[in-house]
Amino acid sequence: FLFFAFLLPTCSLHLLSASRVRMNTHHASVTAEMVPIVSDKKILGLGVAGLDFIASVASFPQPDDKIRSTSFATMGGGNVANTMTCIRRLGIHSSVAAKLGEDANGKSILNELEADGVDTSRILRKEGLDSPFTYIIVDTATKTRTCIHTPMQEELLPEEAEA
């Protein structure tokens, strides 16, 4: 395995392309054709696999404003999950090592990665934890976004990653 670590939880503005849209939203889902493995290389990514809740608004609200979104999407996110999905779509075997909660968000994250052909056998699910997620508010007027990330209550420990 080649090994990459992605430790900083950030959100990328991948909503402008339909690269990972798969989860159920009120919009039609876009799926990628499964690309056959074309390389004998295997890449393992260690880091955050999360869920992004993306709302577009005409303009960012002022404090105490109540506005309506113009669109909404739910999709997988997290640096390692996005990267390993892209690598798999290039025809290279990819695997994710991460920790998720034993919750509905964790199940959605796992299902999406598996649907994209990413090996999830190194993902640890733990009861009582909430899987990481990010609220992303996209201001369509300024073409900017604001991310509010909720991390796991505990990180993947070295001894858990070795298992």
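Provided above is the structure to which this section pertains.
Residues numbered from 1 in each chain as written. Predicted model: local features only at pLDDT ≥ 70, side-chain atom pairs only at ≥ 80, totals over all residues. Heavy atoms only, no water.

## Some thoughts on the pattern of salt bridges
Under the counting rule described, the total for this entry stands at 5 salt bridges. Note that Glu154 is salt-bridged to Lys99, the shortest N-O span being 2.5 Å. Here the residue Glu154 occupies a position in the loop between strand S8 (144-150) and helix H3 (158-162), and Lys99 occupies one in strand S5 (residues 93-101), the gap between them amounting to 55 residues. With a closest N to O distance of 3.5 Å, Glu102 and Arg125 form a salt bridge. Taken together, the residues Glu102 in the loop between S5 and helix H2 (104-115) and Arg125 in strand S6 (residues 119-126) connect sequence positions 23 residues apart. For Glu102, a relative accessible area of 40% gives the class partly exposed. (Salt bridge = Lys/Arg side-chain N within 4 Å of Asp/Glu carboxyl O. Helix = DSSP H or I, 4+ residues; strand = E, 2+ residues; numbered from the N terminus. Buried < 20%, exposed > 50% of the residue type's maximum accessible area, 1.4 Å probe, protein only.)

## Considerations on the sheet that holds strand S4 (residues 71-77)
Across the sheet, 4 strands lie side by side as S4-S3-S7-S8; this open sheet has mixed pairing. Only two strands of the sheet have a single neighbouring strand rather than two, namely S4 and S8. Each strand axis lies, on average, 20 degrees off the axis of its neighbour in the sheet, ignoring direction. For strand S3 (residues 50-57) and S4, the ladder comprises 7 bridges, and the chain directions are antiparallel. Bridged to Ser56 within S4 is Ser71. The strands touched by H2 within the sheet are S3, S4 and strand S7 (133-139), with S3 carrying the most contacts at an inclination of about 95 degrees. (Pairing = 2+ DSSP bridges. Axes fitted to C-alpha atoms, helices over the stretch in contact; angles between N-to-C directions. Contact = heavy atoms within 4.5 Å.)

Treat this as a map of the structure, not an account of what it does.
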